[in-house]
Amino acid sequence: MTNSTVTTVTLKVNRFTPRPERAERARGGSPFARTRKSSPFGGSSAAPARRRPRGKQWVQEYTIPARPEDTVLDCLLTIKRTVDPTLAFRYSCGHGMCGSDAVAINGTPNLLCTATLKDWAKPSGSLPRTDDEGFRRIGDDAGTEEEASAEVSPDTACDGSLGVIELGPLPGFPVERDLIADIDPMLDQIRKLKPYLEADGVLATTHEGKVDVFEYLQHPDELARYEQLSNCIACGVCEGSCPVFAGGDAFIGPAALIWASRFVNDSRDTITMDRLDAIDTADGVAACQSVRACTRQCPRGIDVGEEMWQIVAKVRER
Ligand code: SF4
Ligand code: FES
């Protein structure tokens, strides 16, 4: 089969429609969060309880024409435009830069726009209970032992189709509708840790008394210490992979810690000790269990687990 061959793919989409009245219940707690030291930046204990909406849940199957090189986002757009306009999902840039389209693909958090059918479609009935690295598929509550032990082939299924892909909302976050998760908990945690540079500097002025350009000079070696971390697009894939973050407010999460680490490693920043204090809490680095599931699928190539290790060491050594 050539790359341009059109065949079919089946998407099994976990759908959700919230009740109109949005009868809600408080988000579940976690034993990791029983004692919590408040953060010097305004502790998370003051944050309002997150709630999960209730509503109707079902799995809907769509079989559409597709090519192996198509992305899962391509397929969802085809479904939205030609089959079912009620299907809800979120995306923006379409090429791995904005982080708005993280979902669970075959149980693994990933971006819709970079996941191709040839990488993710599996022969029908053969979705394994664990992913390629042996982690249990998130949200997996179905499948027989035979299915669990079935071999997974990257080739097309015997019926000529590319196979099946299961889609669900990003794990660890309240679902709003279909594949759209509420990622505000992650953004709140990132904001709480001051995701911006706090640097000393005297404003230069022009002869007219207006603010002039001034520079924060930095050596390339100093830039290298945080440059990779500054590529984080806050997609939430690492959070959705983390079994501790999935418990709710118990853990500020790997994404917030990546943002904290980005500024802790910046030689220009002047509040390093405050930043380390802010994450030295029961819901901060102390909640990280070093599972390292957060590293698996970071679309920006950040070794999140290793960074967690490094920031924990910095907190302990200060
Ligand atoms: S560290 Fe990677 S996986 Fe986590 S939010 Fe940032 S870009 Fe996404
Ligand atoms: S749509 Fe922007 S990262 Fe996928």
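Given the structure is predicted, the values throughout are model-derived calculations rather than measurements.

Undergrad: Got a minute to help me understand the confidence of the model for the protein in this structure?
TA: In low-pLDDT segments, the atomic positions of the prediction should not be examined closely. Mean pLDDT over the protein stands at 83; residues scoring 70 or higher make up 75%. In this model residues 42-48 is a low-confidence stretch, pLDDT under 50, and it forms 8 contacts with partners more than four residues away in sequence or in other chains. In this model residues 139-155 is a low-confidence stretch, pLDDT under 50, and it forms 19 contacts with partners more than four residues away in sequence or in other chains.

Undergrad: Could you clarify how one ought to interpret the site of ligand 1 in this entry?
TA: Every residue lining ligand 1 is accounted for by Cys232, Ile233, Ala234, Cys235, Gly236, Val237, Cys238, Ala255, Cys298, Pro299, Arg300 and Val304. Considered class by class, the residues forming the shell around ligand 1 number 10 nonpolar, 1 polar and 1 charged.

Undergrad: Could you clarify how one ought to interpret the nonpolar core in this entry?
TA: When a protein is soluble and globular, its nonpolar side chains tend to lie buried together. Ranked by size, the top nonpolar core spans 66 residues in total, and within it Val9, Leu11, Leu76, Ile165, Leu167 and Ile279 carry the most contacts. Domain assignment of the residues forming this core places at least three in each of domain 1 (7-19 + 47-177) and domain 2 (183-317).

Undergrad: Please clarify how the sheet that holds strand S4 (residues 55-66) should be interpreted in this entry.
TA: Taken in spatial order, the 5 strands of this open sheet run S4-S1-S7-S5-S6, and their pairing is mixed. Every other strand in the sheet has two partners, leaving S4 and strand S6 (108-111) as the edge strands with one partner each. Adjacent strand axes in the sheet meet at a mean angle of 30°, parallel and antiparallel pairs treated alike. Bridging between strand S5 (residues 102-105) and strand S7 (residues 164-169) involves 3 bridges; their strand directions are antiparallel. Bridge pairing links Val103 to Pro169 in S7. Against the sheet, helix H1 (residues 72-82) touches strand S1 (7-18), S4, S5 and S7, its axis set at about 100° to S4.

Undergrad: I'm lost on the pattern of salt bridges in this one. Help?
TA: Side chains that differ in sign of charge can pair as their charged atoms come close. With the rule as written, the count across this model stands at 11 salt bridges. Asp70 is the partner of Arg67 in a salt bridge, and the nearest nitrogen-oxygen pair spans 3.0 Å. Across the pair Arg292 and Glu306 runs a salt bridge whose closest N-O atoms are separated by 3.4 Å. In this pair, Arg292 is assigned in the loop between helix H8 (272-279) and helix H9 (304-317) and Glu306 in helix H9, connecting sequence segments 14 residues apart. For Arg292, a relative accessible area of 34% puts it in the partly exposed group. Each of Arg15, Asp84 and Asp178 takes part in salt bridges that share partners, so that together they form one network.

Undergrad: Before we go on, may I ask you to explain the side chain of Asp283 in this structure?
TA: Looking at the secondary structure, you find Asp283 in the loop between H8 and H9. Here Thr281 takes part through its side chain, which lies 2.6 Å from a polar atom of the side chain of Asp283.

Undergrad: How do you make sense of unusual backbone geometry when you look at a structure like this?
TA: For residues besides glycine, phi is generally negative; the peptide bonds are generally trans as well. Residues other than glycine seldom take positive phi values, yet Asp178 does so here, at roughly 45°. A positive phi is found at Ser290, a non-glycine position, where the angle reads about 55°. Tracing the sequence through the fold places Ser290 in the loop between H8 and H9.

Undergrad: What am I meant to see in the environment of Ala104 here?
TA: In this structure, Ala104 sits in strand S5. Residue classification places Ala104 among the buried residues on the basis of a relative accessible area of 7%. Residues Ala104 and Leu179 lie 75 residues apart in sequence; the distance between their C-alpha atoms is 8.6 Å. Apart from the residues lying within four places of it in its own chain, the contact partners of Ala104 are Pro109, Glu166, Leu167, Gly168, Pro169, Leu170 and Pro171.

Procedures and definitions
Residues numbered from 1 in each chain as written. Chains lettered and ligands numbered in written order. Predicted model: local features only at pLDDT ≥ 70, side-chain atom pairs only at ≥ 80, totals over all residues. Heavy atoms only, no water. pLDDT = per-residue confidence, 0-100. Contact = heavy atoms within 4.5 Å. Near = heavy atom within 4 Å. Nonpolar A, V, L, I, M, F, W, Y, C, P; charged D, E, K, R; others polar. Core = buried A, V, L, I, M, F, W, Y, C linked by side-chain atoms within 4.5 Å. Buried < 20%, exposed > 50% of the residue type's maximum accessible area, 1.4 Å probe, protein only. Domains from an automatic or database assignment. Pairing = 2+ DSSP bridges. Helix = DSSP H or I, 4+ residues; strand = E, 2+ residues; numbered from the N terminus. Axes fitted to C-alpha atoms, helices over the stretch in contact; angles between N-to-C directions. Salt bridge = Lys/Arg side-chain N within 4 Å of Asp/Glu carboxyl O. Polar contact = N/O pair within 3.5 Å; in protein donor to acceptor, adjacent residues only side chain to side chain.

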